[in-house]
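A structural walkthrough
Each chain is listed here by its residues.
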Amino acid sequence: MKDVVCGMEISDDSAYRYQHAGKMFYFCSQHCLDEFKKNPEQYLNKEAPAHKDTNDRSIIYTCPMHPEVKQDHPGNCPKCGMALEAVSFGVDESNEELANMTRRFWISITLALPVFVLAMIADLMPFFLPDWLSMHVVQWIEFVLATPVVLWGGWPFFVRGWRSLRTWNLNMFTLIALGVSVAWIYSVVALVVPQIFPPVMQMKHGLVHVYFEAAAVITALVLLGQVLELRARSRTSAAIRMLLKLAPNTARIVGDHGREQDIPLEHVKPGDTLRVRPGEKVPVDGTVIDGGSNVDESMITGEPIPVAKSAGDKLVGATVNGTGSLLMRAEKVGSDTLLAHIVNMVAEAQRSRAPIQKLADVVAGYFVPAVVGVAVVAFIVWWLWGPEPRLAHAVVNAVAVLIIACPCVGTCYTNFYHGGNRAWRWCRSSHKEC
């Protein structure tokens, strides 16, 4: 039969029993018996299980740079646009976001590279182009290749950029979305209706320079930064899950009259007497009461030679017992064990951001309105004092400011953000472990 509290298999001769509603229930330990007495219906109702596994508990997601942002599901920070991190560790998170960004990156880079090469040849070495490939055809090829990169590959950036504008929390995605969208829209207009531009801006055959290669390459570079960031998070999460797997699932408790029972690890309390048999993992942190053995503590120290343990010596949870049998007293359980502290440090390092990143976010918040302001000033100056046609020159020069400033600075910023963040995580976790 099964213990209705923890689900452990037990025999009907268990000393822990309780009669409820005319039926006898058997339990693996006094703890399970006490829990059942508090609220029997909670455990008898299959729709409301009493104990949840670690992976089933409520998970809170927060922003490392803005801890006040909290929600119960994954997403992006409404202030800085970065992906939220799970506060709880050991969550078997799916890699859907990483797979999505990786797919977008590879497709985008595959399309963006030909656009870049074709644009560079057309601008710097046009004599290499075959006779049948006119500049007008080149621009249409760039449009066809760059459009899916911008509209599909860069769609997540537009969503985050629009959200930042709605909440007025300007960030790097505001820069990226603004610059790339302006570059693409300007290029489409220049391709479709080049005659509306001033003659001084027109090339041979009335064509106007386009910026499809800039929009496509910048989108691909920002996607690369996102992939690197998400991959680093994925590897750290995998390391956390491996650490959690080091702990055993059950512990062998020694009860009254020397009776031994296997109970779930979460039911162990400080002061319990536990048996660690040869070859088993030490369930929690504690002290040896009786017995002698050699314990492999390489999980903690890295030393391959087992350490001799006897009465009075300390034991660390998740280390491996050798050939002897040990009787131990549990002292630190759950989140108080050394293994739990190590996992917490790694998880905290994963969620943290380098201090300079906060400064970069603040700078981005001021840089966006500054660039827009410069573009407005350029528009007004060219409109009032520029050559004819003044309006066309004003629009073109204002757009040029946005195209040059926003995506270039935003790309450098986002890749610096991701690269510096990965280095910071590594240094911080290494320092703490040392």
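Residues numbered from 1 in each chain as written. Predicted model: local features only at pLDDT ≥ 70, side-chain atom pairs only at ≥ 80, totals over all residues. Heavy atoms only, no water.

Here we look at helix α3 (residues 96-124)
Here α3 is 29 residues long and its end C-alpha atoms lie 41 Å apart, about the 42 Å a rise of 1.5 Å per residue gives. Considered for burial, the residues of α3 that qualify are Leu98, Met101, Thr102, Arg104, Phe105, Ser108, Ala112, Val115, Leu118, Ala119 and Ala122. Contact partners of the buried residues in α3: α4 (135-153), α5 (155-167) and α7 (212-245). (Helix = DSSP H or I, 4+ residues; strand = E, 2+ residues; numbered from the N terminus. Expected span 1.5 Å × (residues − 1). Buried < 20%, exposed > 50% of the residue type's maximum accessible area, 1.4 Å probe, protein only. Contact = heavy atoms within 4.5 Å.)

Quick notes on the pattern of salt bridges
In total, this model carries nine salt bridges according to the counting rule given. For Lys309, the salt bridge identified is with Glu297, shortest N-O distance 3.0 Å. Linking Lys309 in strand β11 (residues 307-309) with Glu297 in the loop between β10 (293-296) and α8 (298-301), this pair joins segments that are 12 residues apart in sequence. An identical accessibility class is assigned to Lys309 and Glu297; each is buried. Put simply, Glu331 and Arg329 hold a salt bridge, and the shortest N to O gap is 3.7 Å. Via salt bridges that share partners, Arg252, Glu260, Asp262 and Arg275 belong to a single interconnected network. (Salt bridge = Lys/Arg side-chain N within 4 Å of Asp/Glu carboxyl O.)

Here's the deal with the packing of aromatic side chains
Within the structure shown, the criterion is met by eight aromatic pairs. With a centroid separation of 4.7 Å and an interplanar angle of 45°, the aromatic rings of Phe127 and Phe128 are classed as tilted. Look at Phe127 and you get exposed, because its relative accessible area is 63%. A residue is classified by how much of its surface remains accessible, and Phe128, at 56% relative accessible area, is exposed. With a centroid separation of 5.5 Å and an interplanar angle of 85°, the aromatic rings of Tyr186 and Phe197 are classed as edge-to-face. With Tyr186 in helix α6 (residues 172-192) and Phe197 in the loop between α6 and α7, the pair connects residues that are 11 residues apart, well separated along the chain. (Phe/Tyr/Trp six-rings, centres within 6.5 Å; stacked < 30°, edge-to-face > 60°.)

A look at the sheet that holds β10
One open sheet holds the three strands; their spatial order is β11-β10-β13, and the pairing between them is antiparallel. Among the strands making up the open sheet, the edge pair consists of β11 and β13 (320-321). As judged from the two bridges shared by β10 and β13, these two strands associate in the antiparallel manner. Among the inter-strand pairings, Asp296 is bridged to a residue of β13, identified as Val320. (Pairing = 2+ DSSP bridges.)

What to know about helix α1 (residues 30-38)
Those residues of α1 lying buried are Cys32, Leu33, Glu35 and Phe36. Looking down the long axis of α1, one finds its buried residues gathered within 165° of arc, a one-sided arrangement. (Arc of directions from axis to C-beta.)

Notes on unusual backbone geometry
We note that Ala318 has phi near 80°; this positive angle belongs to a residue other than glycine. Position of Ala318 among the secondary structure elements: in the loop between β12 (314-315) and β13.

Considering the confidence of the model for the protein
Scored by pLDDT, the protein has a mean of 78; 77% of the residues are at 70 or more. The model gives residues 46-57 a pLDDT under 50, and that stretch makes 11 contacts with residues more than four places away or in other chains. In the model, residues 415-434 has pLDDT below 50 throughout and makes 44 contacts with residues more than four positions away in sequence or in other chains. (pLDDT = per-residue confidence, 0-100.)

Quick word on the environment of Leu223
Checked against the element boundaries, Leu223 lands in helix α7. In the structure, Leu223 is positioned 69 residues away from Gly154 in sequence and 7.7 Å away in space, judged by C-alpha atoms. Excluding residues that lie within four positions of it along the chain, Leu223 makes contacts with Met101, Arg104, Phe105, Ser108, Gly153 and Phe157.

Details of the sheet that holds strand β6 (residues 250-254)
Across the sheet, which stays open at both edges, the six strands sit in the order β7-β6-β8-β14-β9-β12 with antiparallel pairing between neighbours. Sheet topology places β7 (260-264) and β12 at the edges, where each strand pairs with a single neighbour. Here β6 runs beside strand β8 (residues 273-276); their pairing, made up of two bridges, is antiparallel. Within β8, the residue paired with Ile253 across the bridge is Leu274.

Description of the environment of Leu84
Within the fold, Leu84 resides in the loop between β4 (70-71) and β5 (85-86). Each C-alpha atom of the pair Leu84 and Tyr61 lies 5.7 Å from the other, and the pair is 23 residues apart in sequence.

Here's the deal with the nonpolar core
Counting 41 residues, the largest nonpolar core has Val150, Phe157, Val180, Tyr186, Phe197, Phe212 and Ile403 as the members making the most contacts within it. Among the elements of the structure, α3, α4, α5, α6, α7, α10 (355-385) and α11 (390-433) are those that each provide at least two residues to this core. Per-element accounting of this core gives the leading share, 12 residues, to α6. Among all residues touching Val150, those that are not within four sequence positions of it are Trp155, Phe158, Val180, Trp184, Ala215, Ala216 and Thr219. Counting residues in each nonpolar core, the second largest holds 23 residues, with Cys28, Phe36, Val284 and Leu315 among its members. (Core = buried A, V, L, I, M, F, W, Y, C linked by side-chain atoms within 4.5 Å.)

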